[in-house]
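As a plain string of letters, each chain reads:
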Amino acid sequence: MLPAFFGSALELIIKTSTDLAPDVRAAMKVALSDEPAGTQSAQALTIIAQNIDQAAEGEGAICQDTGTPTFEIKVPVGANQMWMAQQIKDAIAEATRRGKLRPNSVDSVTGKNSGNNLGPGSPVIHFEQWDRNEIEVKLLLKGGGCENTNIQYSVPCEVSSLGRADRDLEGVRKCILHAVWLAQGKGCSPGAVGVCIGGDRASGYAHAKQQLFRTLDDVNPDPALAELEATIMRTVNVLGVGTMGFGGRTTLIGCKVGTLNRLPASFFVSVAYDCWAFRRLGVVLDAKDGSIRRWLYRDPSHPSIPMLDQAGFTRTGREVVLTSPISEAQIRSLKVGDVVLLNGMMYTGRDSVHSYLMKNPPPVDLQGGILYHCGPVVLKEGDAWRMMAAGPTTSIREEPYQGEVIRRYGIRAVIGKGGMGAKTLAALQEAGAVYLSAIGGAAQFYAKCVEKVSDVSLLEFGVPEAMWHLRVNDFPCIVTMDAHGNSLHKDVETASAKSLATLA
Ligand code: SF4
């Protein structure tokens, strides 16, 4: 059929997972330069920039959550779409085998991970015909943390801090601002939003996601929507949510709005939030052999300019160095804002592990230990495991369990991203533990802090959900919830709600 199609699809997948597009790099560079040095957001942005460079250099996944692969494909009349879909599935399986994608496709009833990113609904492939004699393939990789912050409003409705949102563009403006505020750092801010006004519940979300295929610097051809997008971008950063919700100057790097007709009775505003690891690229293929004619969003004749022109994360001497097992006294001496460097053993655990620990004793002794909310990409090489990508996952999903798990097993530090709630904060205070924020999406940066993957437990849950035993060296995190009842996340949420009210 098209002998080069498989190779082109594989190249697109790998490039999308490992090399951020120039428009996103440019927006993140502006965010980095705008943030005053020494702030928590500035530290986080430095690690993010370093991670973007490391991912491109080493062809490693920018973030360990390589998300739902969503393909938008345009083909000439008569093209064999079934054959192309199979080639794309084969390329997805190959990219997963090479550790460029994390196995992310889970049976929703049994919880079994297919191991190759294939299964009902994975990947998502949409075909459309056009009258050109070439094939366009666009790919978006959007992870779970930001997908979980998507939201749909049925207006008119009341939105907190902003009052009533009516069925007009002013009401839409309020919904968008509220969605960005609500996401806080859980979707790895600063992010970008795709928005759909109208449609039904399903088409609204799909169209919102399609807006993310626009470049961050384009201008909406509809003047009213262009004005809405510009208004959001002019005002949204007053929220002060900042990078990873640490507080800071840049909360959003893009807002793209589209419309669909609606039923007279319905008026949905659908918001698709994407994180700073905004991975989308595209290729135009020769319709005769499937080879790449040109790239979209990037120009290979202009190599990416590195994000950092200086050293990345460096010690200031004020960091607190901790080696596990950690004592209660060490933990109680920490306060919100401290930067810690972790050494020794830590254990990963996310949804399946927390559920397991509520019913079973842990497979390892967790007294004084560190639990890392992380679903890594790990490859087996002979008898050993190699860490490929190891950033944090969104912690709030473990809120129903975390306090109990800390108390039962004597855990002293929980690492994740986005912060946790009141139940966990109370448990930290009572048991003498801290919540540490790692920088979401910094998968290559943190993988380099892993000296050794010494073992794994509960691998039957699949690679992302297993409990990995990691020996780490100078693994940096920020204390964002301490053992004295303080939470940076609570403070930023409260302050940003007040700022949101000024935009009513
Ligand atoms: S950067 Fe954050 S939100 Fe985005 S895919 Fe990675 S973990 Fe998820």
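Quick summary incoming for the structure in this document. All of these numbers come straight from a predicted model, not from anything done at the bench.

**Overview of the nonpolar core**
Ranked by size, the top nonpolar core spans 139 residues in total, and within it Phe71, Tyr153, Leu342, Ile415, Tyr446 and Phe475 carry the most contacts. The residues contacting Phe71, other than those within four sequence positions of it, are Leu12, Ile13, Ile88, Ile92, Pro123, Val124, Ile125, His126, Val137, Lys138 and Leu139. Core analysis: the next-biggest nonpolar cluster, separate from the first, contains 20 residues, Leu366, Val405, Leu425 and Leu428 among them.

**Some points on the packing of aromatic side chains**
Applying the stated rule across the entire model yields 7 aromatic pairs. Taken together, a centroid distance of 6.3 Å and an interplanar angle of 85° make the contact between Phe313 and Phe445 edge-to-face. Placement of Phe313 in the loop between strand E11 (292–296) and strand E12 (320–323) and of Phe445 in helix H13 (residues 443–447) is noted, with a sequence separation of 132 residues between them. Look at Phe445 and you get buried, because its relative accessible area is 7%. Both rings, one in Tyr356 and one in Phe461, keep their centres 6.1 Å apart while their planes meet at 70°; by these two values the pair is edge-to-face. Of this pair, Tyr356 sits in helix H10 (residues 351–357) while Phe461 sits in the loop between strand E19 (450–457) and strand E20 (467–481), and the two are 105 residues apart along the sequence.

**Some remarks on helix H11 (residues 399–409)**
Regarding H11, the residues found buried are Glu399, Gln402, Gly403, Val405, Ile406 and Tyr409. One face of H11 carries all of its buried residues, which in axial projection span an arc of 165°. In the core, the buried residues of H11 are packed alongside H10, strand E14 (370–372), strand E17 (413–416) and helix H12 (422–431). Two residues or fewer after H11 comes Gly410, characterised by a positive phi angle close to 70°.

**Let's talk about the side chain of Arg350**
Note that Arg350 resides in the loop between strand E13 (339–348) and H10. Overall, Arg350 belongs to the buried group, its relative accessible area being 10%. Within polar-contact distance, the side chain of Arg350 engages the side chain of Glu465 at 3.1 Å. Contact partners of Arg350, with chain neighbours within four places excluded, come to Arg102, Cys374, Gly375, Thr393, Arg397, Glu398, Pro464 and Glu465.

**Some thoughts on unusual backbone geometry**
The peptide bond linking Ser122 to Pro123 adopts the cis configuration, its omega dihedral lying at -5°. Its place among the elements puts Pro123 in the loop between helix H4 (81–97) and strand E2 (124–130). Residue Pro325 is bonded to the preceding Ser324 through a cis peptide linkage, with omega at 0°. Look at Glu59: it is not a glycine, yet its phi comes out positive at around 50°. On the secondary structure map, Glu59 appears in the loop between helix H3 (40–58) and strand E1 (68–76). According to the relative accessible area criterion, Glu59 is partly exposed, its value standing at 40%. Phi is positive for Cys188, which is not a glycine, with a value near 55°. With respect to the helices, strands and loops of the structure, Cys188 is situated in the loop between helix H6 (169–183) and strand E7 (191–198). Judged by its relative accessible area of 7%, Cys188 is buried.

What counts as what
Residues numbered from 1 in each chain as written. Predicted model: local features only at pLDDT ≥ 70, side-chain atom pairs only at ≥ 80, totals over all residues. Heavy atoms only, no water. Core = buried A, V, L, I, M, F, W, Y, C linked by side-chain atoms within 4.5 Å. Buried < 20%, exposed > 50% of the residue type's maximum accessible area, 1.4 Å probe, protein only. Contact = heavy atoms within 4.5 Å. Phe/Tyr/Trp six-rings, centres within 6.5 Å; stacked < 30°, edge-to-face > 60°. Helix = DSSP H or I, 4+ residues; strand = E, 2+ residues; numbered from the N terminus. Arc of directions from axis to C-beta. Polar contact = N/O pair within 3.5 Å; in protein donor to acceptor, adjacent residues only side chain to side chain.

As far as function goes, none of this settles anything; it's purely spatial.
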